Amino acid sequence: MKKILSFLLLLPIYFYRNCISPFTPPSCRFTPTCSEYAVQAIKKYGPFKGLYLAIRRLLRCHPWGGSGYDPVP
């Protein structure tokens, strides 16, 4: 069940990375990018904690937020 939920959460991320992201300029403030961070978090921690970490990361991605190297814990 965990693998199915993880796969379902990863599908929109892969769609974004392959179909939408190539047409937008690179603008991520962090390394790894937010989409790569989300993929790593979901693969490492599963669908629930991984999604939580990915959402926290997305909420930090604003002009007054941080930047630089921010790996998955």
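The rules behind the values
- Residues numbered from 1 in each chain as written.
- Predicted model: local features only at pLDDT ≥ 70, side-chain atom pairs only at ≥ 80, totals over all residues.
- Heavy atoms only, no water.
- Helix = DSSP H or I, 4+ residues; strand = E, 2+ residues; numbered from the N terminus.
- Buried < 20%, exposed > 50% of the residue type's maximum accessible area, 1.4 Å probe, protein only.
- Patch = residues over 30% accessible without salt bridge, like charges linked within 9 Å, V, L, I, M, F, W, Y side chains within 5 Å.
- Areas by Shrake-Rupley, 256 points an atom, 1.4 Å probe, with all protein chains shown as cover.
- Salt bridge = Lys/Arg side-chain N within 4 Å of Asp/Glu carboxyl O.
- Contact = heavy atoms within 4.5 Å.
- Core = buried A, V, L, I, M, F, W, Y, C linked by side-chain atoms within 4.5 Å.

> Whenever I open this one, the environment of Glu 36 confuses me. Can you help?
Structurally, Glu 36 can be placed in helix 2 (residues 34-45). Given the relative accessible area of 24%, Glu 36 is considered partly exposed. With 36 residues separating them along the chain, Glu 36 and Val 72 place their C-alpha atoms 9.7 Å apart.

> What is the right way to read a nonpolar patch on the surface from this model?
Together, Met 1, Ile 4, Phe 7, Leu 8 and Leu 11 make up a nonpolar patch on the protein surface, roughly 560 Å² of accessible area in all. Along the chain, the position of Met 1 falls in the segment before helix 1 (2-20). By relative accessible area, Met 1 is classed as exposed at 73%.

> Where do I start with the pattern of salt bridges in this structure?
Close approach of charged atoms allows side chains with opposite charge to pair. All told, the structure shown has three salt bridges when counted by the stated rule. In this structure, the salt-bridge partner of Asp 70 is Arg 60, at a minimum N-O distance of 2.4 Å. Of the two residues, Asp 70 sits in the segment after strand 2 (68-69) while Arg 60 sits in helix 3 (residues 47-60), which places them 10 residues apart along the sequence. Residues participating in the shared-partner salt-bridge network are Arg 57, Arg 60 and Asp 70.

> Mind showing me how you'd approach the side chain of Ser 6 here?
Position of Ser 6 among the secondary structure elements: in helix 1. Relative accessible area serves as the criterion here: at 13%, Ser 6 is assigned to the buried category. Filtering out sequence-adjacent residues up to four positions away, Ser 6 remains in contact with Ile 42, Gly 46 and Pro 47.

> So what exactly am I meant to see when it comes to the nonpolar core here?
Nonpolar side chains in soluble globular proteins tend to end up buried together. Among the nonpolar cores identified, the biggest contains six residues, and these are Leu 10, Ile 13, Ala 38, Val 39, Ile 42 and Ala 54. Elements that contribute at least two residues to this core include exactly helix 1 and helix 2. Counting residues per element, this core draws most heavily on helix 2, which supplies three residues. When near neighbours in sequence (up to four residues on either side) are disregarded, Leu 10 contacts Val 39, Ile 42 and Lys 43.

Geometric descriptors of this kind do not, in isolation, establish any biological role.
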